[in-house]
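The lines below spell out each chain.
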Amino acid sequence: MFARSVVASPCFGGMRTSSLLSPSTSSKGAVSQLLFNCLRSVSSSSAAKKGISSTTTTTTTSSTINKHRHGRKETIRSVSSSSSSSEKGPRVIPAQTGPFFKKSPFSVIRNAATIDTLITDFNGTLFDASELHQQWASVMSEKLSEHCGEKCVDHLFKVVKFDPATGKADGEGMMAMRPWNDIYDTVAYELSRATGMKYADAALIVASWRGCVDHFVGHRPLADLQALFSQWKENGVEKFAITTAEDRAVVLKLLEENNVLDYVDIIVAGTDPIAPKPQIDNIRYIMRSLESLPESTLLIGDTKADMLLGRNGDIALRVGVLSGRGTVEQLQLYTDVFIETAEEVSGLLRGEINHNLIHVPHTFNSTTKSPFNPTK
């Protein structure tokens, strides 16, 4: 009364046992149902290979497709418009990493009233740390030369990109962008490499050298910080964050001395157990802690690490300040606006546009009309 058979067809993906009949269905009805299911499966499979939906409408549709590539699940958005006989299928647009599409700097500045969050760098943006860097270089030069000679010292300065002749750190180098722990680890590695001692022993020696450098001195404010933060607050900024490679104790002390610690809602420092700039975890932590949106946030910094951090977080306006170590050539691929000092941010927050400061993306040349610069 009951019939079971082995079915092999593309509809079922191979050989398997399948019930064809049940007590309440006839043999003819079951076979018809089986053929219908088979044809529907083949039709859906063919449509999927062509990149189209099995049911096409004449209106715009939007759906989410889960696509697996190399074992990872990637979400893409499929958008199709009115279908016709000439259409080959829907356009596939990769999902955005952030909640919105990046607007042009002009659009953001014109709507500056929507900016309520400001993220700023520390050294090179609010403070000049040149004296500290020179003090560090002097101590390391003296201590390291005693163990492995001047050649070792020269190699260290090349690695961290510090120029002893000018006393300045390169804007793309470790000295300008990395936390002090990483820099001292590099010194220990250089000592171990040059002398042949174990790295653990070299690290202990370098730790004693660190005590010879006073990290609390050598910082010079680049503006009247109390007046600056007060002005930013009057311009509509409600939440402030500082992300820096400097040690937390140094940051807290200097902010308190300049009467701006109460303005700052969150600090991410180089000694914190959070991934340093430009890692995306850094900006995510800040945005989640402040409960802010990227499209209402402005970021200021002087190095590539700052600008890449802003790009990783889809920040609406990335402002490169030239008072620090970075140059226009180093930052131009990642920056929306250039300013000379942090004081000029107030003008941006008021919606004032200086066409000479708006950066034209590198994908456009002087003969191409840029959507970021209506004057071209």
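Residues numbered from 1 in each chain as written. Predicted model: local features only at pLDDT ≥ 70, side-chain atom pairs only at ≥ 80, totals over all residues. Heavy atoms only, no water.

Chemist: A description of the overall build of the protein should follow, citing residues and the corresponding values.
Modeler: Counting its secondary structure elements, the protein contains 13 helices and 15 strands. Buried residues in the protein amount to 40% of all 376 residues. Sequence separation of at least 24 residues holds for 58% of the intrachain contacts in the protein that already meet a minimum separation of 6. When the accessible surface of the protein is totalled, it reaches about 20400 Å², and 51% of it is carbon and sulfur. (Helix = DSSP H or I, 4+ residues; strand = E, 2+ residues; numbered from the N terminus. Buried < 20%, exposed > 50% of the residue type's maximum accessible area, 1.4 Å probe, protein only. Contact = heavy atoms within 4.5 Å. Areas by Shrake-Rupley, 256 points an atom, 1.4 Å probe, with all protein chains shown as cover.)

Chemist: Which residues make up the packing of aromatic side chains, and what values do they have?
Modeler: For any two aromatic rings, the description comes down to two numbers: the centre-to-centre distance and the angle of the planes. Tallied over the full model, the rule gives 9 aromatic pairs. When the centroid spacing of 6.4 Å and the interplanar angle of 25 degrees are considered together, the rings of Trp-232 and Phe-240 count as stacked. Of the residues examined, Phe-240 reaches a relative accessible area of 1% and is grouped as buried. Ring pairing ties together the aromatic residues Trp-136, Phe-157, Phe-162, Trp-180 and Tyr-184, which thus form one cluster. (Phe/Tyr/Trp six-rings, centres within 6.5 Å; stacked < 30°, edge-to-face > 60°.)

Chemist: Lay out the nonpolar core with the relevant residues and their values.
Modeler: Note that soluble globular proteins tend to have their nonpolar side chains buried in a common cluster. Judged by nonpolar contacts, the single largest core of 35 residues is most densely connected at Leu-118, Trp-232 and Leu-298. Put simply, the parts of the chain that give this core at least two residues each are α2 (105-110), α8 (225-234), β11 (239-243), α9 (248-257), β13 (297-301), β14 (317-321), β15 (337-339) and α13 (345-349). Here Trp-232 is in contact with Leu-118, Leu-126, Val-237, Phe-240, Ile-300, Ala-342, Val-345, Ser-346 and Leu-349, once residues within four sequence places are set aside. Listed in part, the 24 residues of the second largest apolar core include Val-139, Trp-180, Tyr-184 and Ala-188. (Core = buried A, V, L, I, M, F, W, Y, C linked by side-chain atoms within 4.5 Å.)

Chemist: Tell me about the pattern of salt bridges, and name the residues and values.
Modeler: Summed over the entire model, instances satisfying the criterion amount to 11 salt bridges. Residue Arg-325 pairs with Asp-128 through a salt bridge whose shortest N-O separation is 3.5 Å. Linking Arg-325 in the loop between β14 and α12 (328-331) with Asp-128 in strand β7 (residues 127-128), this pair joins segments that are 197 residues apart in sequence. Here the two residues Arg-325 and Asp-128 agree in accessibility, since each one is buried. One salt bridge in this structure joins Glu-190 and Arg-193, with 2.3 Å as the shortest N-O distance. (Salt bridge = Lys/Arg side-chain N within 4 Å of Asp/Glu carboxyl O.)

Chemist: Can you break down empty space enclosed by the protein residue by residue, with the values?
Modeler: Applying the stated criterion across every chain yields a total of 3 cavities of 30 Å³ or more. Residue assignment for the lining of the largest cavity shows that the elements contributing at least two residues are β7, α5 (174-177), α6 (180-195) and α11 (304-312). The greatest single-element share of the lining of the largest cavity, amounting to 3 residues, is contributed by α5. Looking at the lining of the largest cavity, its residues break down into 10 nonpolar, 7 polar and 8 charged. (1 Å grid on protein atoms, 1.4 Å probe; cavity = no way out; pocket = protein on both sides within 12 Å on 5 of 7 lines; lining within 4 Å. Points joined across faces, edges and corners; volume = space filled by probe spheres on them. Nonpolar A, V, L, I, M, F, W, Y, C, P; charged D, E, K, R; others polar.)

Chemist: I'd like to hear about the sheet that holds strand β6 (residues 117-120), residue by residue, with values.
Modeler: An order of β12-β11-β6-β13-β14-β15 is seen for the 6 strands of this open sheet, with the pairing classed as parallel. In the strand order of this sheet, the two ends are held by β12 (266-268) and β15, each with one partner. Strand-to-strand twist across the sheet, computed as the mean angle between neighbouring axes with direction ignored, equals 20 degrees. Across 4 bridges, β13 lies against β14 in parallel orientation. Paired with Ile-300 across the two strands is Val-319, which belongs to β14. Sheet strands touched by α9: β11 and β12. Its angle to β12, the strand with the most contacts, is close to 140 degrees. Each of β6, β11, β12 and β13 touches helix α10 (residues 280-290); the most contacted strand, β12, lies at about 170 degrees to it. (Pairing = 2+ DSSP bridges. Axes fitted to C-alpha atoms, helices over the stretch in contact; angles between N-to-C directions.)

Chemist: Go over the pairing of β11 with me, naming the residues and quoting the values.
Modeler: Within a regular strand, the side chains alternate between the two sheet faces. Counting buried positions over the 5 residues of β11 gives 5, a clear majority of the element. On β11, burial covers both faces: Lys-239, Ala-241 and Thr-243 on one face and Phe-240 and Ile-242 on the other are all buried. Here β6 runs beside β11; their pairing, made up of 4 bridges, is parallel. Considered in β11, the bridge of Thr-117 is made with Lys-239. Pairing of β11 with β12 involves 3 bridges; the strand directions are parallel. Each residue of the ladder has a partner; that of Ala-241, found in β12, is Ile-266.

Chemist: If you had to explain unusual backbone geometry to someone new, which residues and values would you point to?
Modeler: Cis geometry marks the peptide bond from Lys-277 to Pro-278, where omega comes out at 5 degrees. Among the structural elements, Pro-278 can be located in the loop between β12 and α10. Even without being glycine, Lys-161 reaches a positive phi, approximately 60 degrees. Here Lys-161 shows up in the loop between α4 (150-160) and β8 (162-163). Here Lys-161 falls in the partly exposed class, since its relative accessible area comes to 38%.

Chemist: Any details on the packing of helix α3 (residues 130-148) against α4? Residues and values, ideally.
Modeler: At a minimum axis separation of 7 Å, α3 and α4 run at an interaxial angle of 140 degrees. Taken together, the axes of α3 and α4 lie oblique to each other. Note on packing geometry: the crossing formed by α3 with α4 is right-handed. Contacts from Trp-136, Ala-137, Met-140, Ser-141, Leu-144, Ser-145 and Cys-148 of α3 reach α4 at Glu-150, Cys-152, Val-153, Leu-156, Phe-157 and Val-160. (Parallel < 35°, antiparallel > 145°, perpendicular 65-115°, else oblique. Left-handed = near helix turned anticlockwise from the far one by under 90°.)

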